[in-house]
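Single-letter residue listing:
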Amino acid sequence: MTPTKFIFSTLIAILLGLVCQSVMASSEPPPLKTYEFVDLNHYAGSWYEIAHYPNKVQDGCQDSIVKFSLRNNGDIDVLNSCRDTTSGKLHHIDGVGWVVDKTSNARLKVSFFWPFRKEYLIIDQGKEYEYSVICTPDRKHLWIIARSPALQSDVLESILQNIEKQGFRRELLIKTEHRKREQPEEVISK
């Protein structure tokens with residue numbers, strides 16, 4: 001190979017590398033932004049799941065509800081429940097959470113099975129705590145929860161636009177069915 005061809009080939013390879021790097025960098029989602037501040041006393045209570053990203057744990061679930069209860073030491077009891085779509089049987093899992101970022105209270109870790117724990121972020125929140133959006137930092141999991149089994153379409157659309165700005169894809173969401181019209185306290189206490 002002549003020196004001219006070598007230099008030309010090297011320049012082409014460098015340019016292709018830069019173009020590929022630029023394309024890959026622009027396709028990366030923006031860094032996740034947590035909600036500015038979550039008042040845990042207002043956050044505590046029962047929430048209906050509105051939608052979630054697909055995950056094996058929730059395959060075949062409907063009537064999904066989560067309840068957050070504050071402990072005296074600042075930890076948070078987390079109780080997730082759902083009803084099996086085939087058998088109608090109620091399933092639940094208990095966990096303990098704690099705040100990781102005390103400035104915002106929007107970064108939590110939860111352990112459902114000791115010693116394993118997972119980080120969760122609150123990335124959107126209704127001003128009146130009528131809805132919340134929770135995800136994992138790797139963007140593999142996302143939940144939209146609300147104080148009632150349904151959200152008004154304009155509120156839901158605003159949430160969907162906000163999660164898209166955070167790098168999530170609305171088309172991946174699975175809408176949660178709520179066929180039993182029990183109150184969250186009734187479902188969780190069974």
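Novice: Mind showing me how you'd approach the state of the cysteines here?
Specialist: Among covalent bonds in proteins, the disulfide is the one between the sulfur atoms of two cysteines. Within this structure, the stated rule accounts for 1 disulfide. Covalent S-S linkage joins C61 and C82, the inter-sulfur distance amounting to 2.0 Å. Here C61, found in strand β2 (residues 61-70), pairs with C82, found in strand β3 (residues 76-84); they are 21 residues apart in sequence, far enough to count as distant.

Novice: Got a minute to help me understand the nonpolar core in this structure?
Specialist: A general trend in soluble globular proteins is that nonpolar side chains are found buried together. In terms of nonpolar packing, the biggest core is built from 19 residues, with V38, Y43, F68, I122, I134 and I145 touching the most fellow members. For this core, the secondary-structure elements that each account for two or more residues are α2 (40-43), β2, β3, β5 (107-113), β6 (116-125) and β8 (142-146). Contacts of I145, omitting those with residues within four sequence positions, involve Y43, W47, Y48, E49, I50, V66, F68, Y131, S132 and I134. The next biggest cluster of nonpolar side chains, apart from the first, holds 18 residues, and it includes I50, L142, I144 and L151.

Novice: For this particular structure, what's the right way to read the confidence of the model for the chain?
Specialist: Low pLDDT marks stretches whose predicted atomic positions should not be read closely. Overall, the prediction assigns the chain a mean pLDDT of 85, with 81% of residues at 70 or greater. The secondary structure element of the chain with the lowest average pLDDT is helix α4 (residues 184-189), at 48, and the one with the highest is strand β7 (residues 131-135), at 98. Confidence drops under pLDDT 50 across residues 5-15; counting only partners more than four residues distant or on other chains, this segment forms 2 contacts.

Novice: I'm lost on the packing of aromatic side chains in this one. Help?
Specialist: Within the structure shown, the criterion is met by 4 aromatic pairs. Ring geometry for Y120 against W143: centres 5.9 Å apart, planes inclined by 50°, an arrangement best described as tilted. Here the residue Y120 occupies a position in strand β6, and W143 occupies one in strand β8, the gap between them amounting to 23 residues. The pair formed by Y120 and W143 is uniform in burial state, with each residue classed as buried. What links up through ring pairs into an aromatic cluster is the set Y43, W47 and F68. Between R139 and the ring centre of F168, over which it is positioned, the NZ or CZ distance is 5.9 Å. R147 extends its terminal NZ or CZ atom over the ring of W47, reaching a point 3.8 Å from the ring centre.

Novice: Just to check I follow, could you spell out empty space enclosed by the protein for this structure?
Specialist: Unfilled space is identified by rolling a water-sized probe across the atoms. Taken as a whole and assessed by the stated rule, the structure comprises 2 cavities of 30 Å³ or more. By volume, the largest cavity is sized at about 80 Å³. If you go around the largest cavity, the residues you meet are L40, Y43, A44, F68, L70, I76, V78, G97, L108 and V110. Looking at the lining of the largest cavity, the elements with two or more residues in it are α2, β2, β3 and β5.

Conventions and cut-offs
- Residues numbered from 1 in each chain as written.
- Predicted model: local features only at pLDDT ≥ 70, side-chain atom pairs only at ≥ 80, totals over all residues.
- Heavy atoms only, no water.
- Disulfide = S-S within 2.5 Å.
- Helix = DSSP H or I, 4+ residues; strand = E, 2+ residues; numbered from the N terminus.
- Core = buried A, V, L, I, M, F, W, Y, C linked by side-chain atoms within 4.5 Å.
- Buried < 20%, exposed > 50% of the residue type's maximum accessible area, 1.4 Å probe, protein only.
- Contact = heavy atoms within 4.5 Å.
- pLDDT = per-residue confidence, 0-100.
- Phe/Tyr/Trp six-rings, centres within 6.5 Å; stacked < 30°, edge-to-face > 60°.
- Lys NZ or Arg CZ within 6 Å of the ring centre and 35° of its normal.
- 1 Å grid on protein atoms, 1.4 Å probe; cavity = no way out; pocket = protein on both sides within 12 Å on 5 of 7 lines; lining within 4 Å.
- Points joined across faces, edges and corners; volume = space filled by probe spheres on them.

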